[in-house]
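# Close look at the chain arrangement
The chain contents come next:
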Amino acid sequence: FIAEMKGVEVGEVDVPVVGGHSGATIVPLLSQSGHTFTPEEVKTLTHRIQFGGDEVVQAKAGLGSATLSMAYAGAQFAFSLMEAMNGKENVVECTFVESNVESTPYFSSPVLLGKNGVEEIRPVPATNDHEKELMKACITDLEKNIEKGIDFAAKLA
């Protein structure tokens, strides 16, 4: 979305996305992208990033989902992890891990990958006022999502 809006190659865009995996729990840190945005662009991009999966489902008239996007993200993470495990240094990806980065027991934040997998869980990068508000909404929803997940897993045990 950002590459399209700014007229740059997709490979030139790197935006940390922290929080969770659905709706308001997805917090794109546009301020960290190296691009400047108007308030209207921030609003548009934030919504598209948070609800892009819904856009795909609507485009497919309810006959599909955004699984290709998730597969691509998973593949990108796997490639980064393999590079790090093979000795490439300073490989950082955002991923959802158990941590104390925020008040929730799990949170997606930047992690340093290395020969042993996740070497370091890093804090959320600096945020602007808009992103701080997004983080508040994220934490509220994410706490509920995590509780549901833990309850579901407990029933399977």
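Before reading further, recall that the structure is shown in the block above.
The following refers to the structure shown. (Residues numbered from 1 in each chain as written. Predicted model: local features only at pLDDT ≥ 70, side-chain atom pairs only at ≥ 80, totals over all residues. Heavy atoms only, no water.)

### A look at the overall build of the protein chain
When its secondary structure is counted, the protein chain shows 4 helices and 5 strands. In sequence order, the protein chain lays out its α and β elements as α-β-β-α-α-β-β-β-α. In terms of overall dimensions, the protein chain is globule-like: its C-alpha atoms have a radius of gyration of 16 Å, near the 15 Å expected for 157 residues. Overall size of the protein chain, expressed as C-alpha extent along the three principal axes, is 45 × 40 × 35 Å. A separation threshold of at least 6 residues defines the contact pool for the protein chain, and within that pool the share at least 24 residues apart is 49%. Carbon and sulfur atoms form 56% of the exposed surface of the protein chain, whose accessible area is close to 9900 Å². (Helix = DSSP H or I, 4+ residues; strand = E, 2+ residues; numbered from the N terminus. Rg over C-alpha atoms; globule rule 2.2 N^0.38 Å. Contact = heavy atoms within 4.5 Å. Areas by Shrake-Rupley, 256 points an atom, 1.4 Å probe, with all protein chains shown as cover.)

### Topic: the pattern of salt bridges
Side-chain pairs of opposite charge can arise where the charged atoms are in close proximity. This structure, assessed with the given rule, holds 5 salt bridges. In this structure, Glu41 and Lys6 form a salt bridge, with 3.4 Å as the shortest nitrogen-oxygen distance. In this pair, Glu41 sits in helix H2 (residues 39-59) while Lys6 sits in helix H1 (residues 2-6), placing the two residues 35 residues apart along the sequence. Here Lys6 falls in the partly exposed class, since its relative accessible area comes to 27%. Residue Lys136 is joined to Glu133 by a salt bridge in which the shortest nitrogen-to-oxygen separation is 3.2 Å. Of this pair, Lys136 and Glu133 both sit in helix H4 (residues 129-156), 3 residues apart, which is roughly one turn of that helix. For Lys136, a relative accessible area of 53% puts it in the exposed group. (Salt bridge = Lys/Arg side-chain N within 4 Å of Asp/Glu carboxyl O. Buried < 20%, exposed > 50% of the residue type's maximum accessible area, 1.4 Å probe, protein only.)

### Some words on the packing of aromatic side chains
If you walk through the whole model with that rule in mind, you get 1 aromatic pair. For the ring pair Phe96 and Tyr106, a centre distance of 6.2 Å and an interplane angle of 20° mean the geometry is stacked. Placement of Phe96 in strand S3 (residues 91-98) and of Tyr106 in strand S4 (residues 106-114) is noted, with a sequence separation of 10 residues between them. (Phe/Tyr/Trp six-rings, centres within 6.5 Å; stacked < 30°, edge-to-face > 60°.)

### Some words on the side chain of Thr46
Looking at the secondary structure, you find Thr46 in helix H2. Residue classification places Thr46 among the buried residues on the basis of a relative accessible area of 5%. Leave out the neighbours within four places in its chain, and Thr46 touches Pro28, Leu30, His130 and Leu134.

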